[in-house]
Amino acid sequence: MQTNNPPRSNKIVSGIRASWRNSLVVRICVIILGYLAISPTLAEESDMQIGMPAPAFTLQDQNAVQRNLADYRGHWVVLYFYPKDDTPGCTTEACHFRDDYVEIKKLGADILGVSIDSEKSHAAFARKFSLRFPLLADKPGAAAKQYGALWGIWPVRFARRHTFLINPEGTIARIYRNVDPNKHSAELIAAIKELSGH
């Protein structure tokens, strides 16, 4: 008796095609999300401008110390937002700040790193790489949102790699939206020297 069942080879080919289509859809989604993650919207870029007062915040660091931006008045502040503890780009950026920490302090500046990771995650990251500066836990993302640095499509949320150089009067002196983790610390040292007349 003949049956109408398709040959086994046809089933295999159909399975391969379906798998390829699914894989292509996934890749396209990843590319789109990646593009959105590195491309700030016009609203975010226009919300913060040089010369504006830096938005106030109080956040807890990796040592359970409350850090208030107002406490740094009279100092330059490197306020840098980053996506995730212990990931390649974020580690590179943090380690350059660590290596340049003494020079940055000599210029009268403090470094504050911010992400939406927890205090526990920050503590592990700081301990692993001997980071000497505060890493602030912005778990709700409120500070990142104030500075136009929060990105998210549920359930994915993170702070973009944006930096704000705040002058001793508490106003924004420089804004960095396109950050190269390998060069950023040196870039900020040069900016502080230029702006402070060192």
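The coordinates are above.
The shown structure was predicted, so the numbers you read here are calculated from the model rather than taken from an experiment.

Within soluble globular proteins, side chains that are nonpolar generally end up buried alongside one another. Y80, F97, I111, L131, F133, L135 and L165 are the most contacted members of the largest nonpolar core, which totals 27 residues. Those residues in contact with L165 that sit more than four places away from it in its chain are W76, V77, V78, T171, I172, A173, R174, Y176, L188, A191, I192 and L195. In terms of nonpolar packing, the next biggest core, distinct from the first, is built from 20 residues, V114, A159, F164 and I172 among them.

Topologically, F57 is positioned in the loop between α2 (42-47) and β1 (58-61). On the basis of relative accessibility, which here comes to 7%, the residue F57 falls in the buried class. In the structure, F57 is positioned ten residues away from R67 in sequence and 8.1 Å away in space, judged by C-alpha atoms. Look past the residues within four positions of F57 in its chain and what remains in contact with it is R67, N68, L69, L79, L112, L136, A143, Q146 and Y147.

Strand order in the open sheet formed by seven strands is β2-β1-β5-β4-β3-β8-β9, and the pairing between neighbours is mixed. The open sheet has two edge strands, β2 (66-68) and β9 (172-176), and neither has a second partner. In this sheet, neighbouring strand axes are inclined to one another by 30 degrees on average, regardless of whether the strands run parallel or antiparallel. Looking at chain direction, β1 and strand β5 (residues 135-137) are connected through two bridges and run antiparallel. Its bridge partner being in β5, D61 is matched across the sheet by L136. Sheet strands in contact with helix α5 (residues 119-129) are β1, β4 (109-115) and β5, and its direction is about 165 degrees off that of β5. Across the sheet, helix α7 (residues 184-196) is in contact with β3 (76-81), β4, β8 (163-166) and β9; its angle to β9 comes to roughly 155 degrees.

What follows is about α7. Note that an α-helix has 3.6 residues per turn; residues three or four places apart therefore point the same way. Between its first and last C-alpha, α7 extends 18 Å over 13 residues, near the 18 Å set by a 1.5 Å rise per residue. Within α7, the full set of buried residues consists of H184, S185, L188, I189, A191 and I192. Along the long axis of α7, the arc covered by the buried residues comes to 165 degrees, so they all point the same way. If you follow the buried residues of α7, they end up packed against β3, α3 (88-99), α4 (101-106), β4, β8 and β9.

Right, let's talk about α5 for a bit. All buried positions along α5 are accounted for by E119, H122, A123, F125, A126 and F129. End-on, the buried residues of α5 take up no more than an arc of 165 degrees, which puts them together on one face. When the buried face of α5 is taken as reference, the exposed residues oriented beyond 90 degrees from it are K120, R127 and K128. Considering only its buried residues, α5 is in contact with β1, α3, β4 and β5. Backbone geometry just downstream of α5 places S130 in the positive-phi region, at approximately 55 degrees.

To continue, consider the packing of aromatic side chains. Counted under the stated rule, the structure contains eleven aromatic pairs. Their ring planes at 70 degrees and their centres at 6.2 Å tell us that Y80 and F133 sit as a pair that is edge-to-face. In this pair, Y80 sits in strand β3 while F133 sits in the loop between α5 and β5, placing the two residues 53 residues apart along the sequence. Just as Y80 is buried, F133 falls in that class too. Ring centres 6.3 Å apart and planes at 85 degrees place the aromatic pair F97 and F133 in the edge-to-face group. Note that F97 is positioned in helix α3 and F133 in the loop between α5 and β5, a separation of 36 residues in sequence. Site record: aromatic cluster; members linked through ring pairs are Y80, Y82, F97, F125, F129 and F133.

Procedures and definitions
- Residues numbered from 1 in each chain as written.
- Predicted model: local features only at pLDDT ≥ 70, side-chain atom pairs only at ≥ 80, totals over all residues.
- Heavy atoms only, no water.
- Core = buried A, V, L, I, M, F, W, Y, C linked by side-chain atoms within 4.5 Å.
- Buried < 20%, exposed > 50% of the residue type's maximum accessible area, 1.4 Å probe, protein only.
- Contact = heavy atoms within 4.5 Å.
- Helix = DSSP H or I, 4+ residues; strand = E, 2+ residues; numbered from the N terminus.
- Pairing = 2+ DSSP bridges.
- Axes fitted to C-alpha atoms, helices over the stretch in contact; angles between N-to-C directions.
- Expected span 1.5 Å × (residues − 1).
- Arc of directions from axis to C-beta.
- Phe/Tyr/Trp six-rings, centres within 6.5 Å; stacked < 30°, edge-to-face > 60°.

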